[in-house]
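# A closer look at the structure
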Amino acid sequence: MNGNGKKPPIGTYAVDTRTGQVGRVMGHEGPYVQLRPVGGGREWDCPPRSVRAATAVERLCAATAHENARSRGEVP
């Protein structure tokens, strides 16, 4: 899952290397991997070649950013 074109398992966390955004793998639709932002939200499609496994630090940073935004009332 390091940009090699393989589709990561559903339920794992991955990084869209085009944007740096961390998401949870929700499914595989056609040629794409469907990712959902940490904390929920709208899924987006990402080509498998642009997906790599998220590190523990990346997952923690994404979760912290979401909780901070929630505490400021920016997200539900």
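Summary of the structure given here. (Residues numbered from 1 in each chain as written. Predicted model: local features only at pLDDT ≥ 70, side-chain atom pairs only at ≥ 80, totals over all residues. Heavy atoms only, no water.)

Strands sit in the order 4-3-2-1-5 across an open sheet of 5 strands; the sheet is antiparallel. On the outer flanks of this sheet lie strand 4 (44-46) and strand 5 (51-53), each paired with one strand and no other. For this sheet, the mean angle separating the axes of adjacent strands, direction not counted, is 50°. For strand 1 (residues 13-16) and strand 2 (residues 21-29), the ladder comprises 4 bridges, and the chain directions are antiparallel. Across the sheet, the residue bridging to Val 15 is Val 22, located in strand 2. (Pairing = 2+ DSSP bridges. Helix = DSSP H or I, 4+ residues; strand = E, 2+ residues; numbered from the N terminus. Axes fitted to C-alpha atoms, helices over the stretch in contact; angles between N-to-C directions.)

The biggest cluster of nonpolar side chains holds 7 residues, and these are Ala 14, Val 25, Val 33, Leu 35, Trp 44, Cys 46 and Val 51. Going through the elements one at a time, strand 3 (32-37) and strand 4 are the ones with two or more residues in this core. With 5 residues, the next largest nonpolar core counts Val 15, Val 22, Ala 54 and Ala 62 among its residues. (Core = buried A, V, L, I, M, F, W, Y, C linked by side-chain atoms within 4.5 Å. Buried < 20%, exposed > 50% of the residue type's maximum accessible area, 1.4 Å probe, protein only.)

When strand 2 meets strand 3, the two strands line up antiparallel, connected through 6 bridges. Of the residues in strand 3, the one forming a bridge with His 28 is Val 33. Counting the residues between successive antiparallel strands, the hairpin from strand 2 to strand 3 contains 2 residues, one of them, Gly 30, with a positive phi of roughly 60°. Pairing of strand 3 with strand 4, which is carried by 3 bridges, proceeds in the antiparallel orientation. Pairing of Val 33 across the sheet is with Cys 46, part of strand 4. Hairpin connection of strand 3 to strand 4: 6 residues between the antiparallel strands, including Gly 39 at a positive phi of 95°.

This brings us to the environment of Pro 48. For Pro 48, the location among the structural elements is in the loop between strand 4 and strand 5. Overall, the relative accessible area of 10% leaves Pro 48 in the buried class. Residues Pro 48 and Pro 31, 17 residues apart in the sequence, show an inter-C-alpha distance of 7.5 Å.

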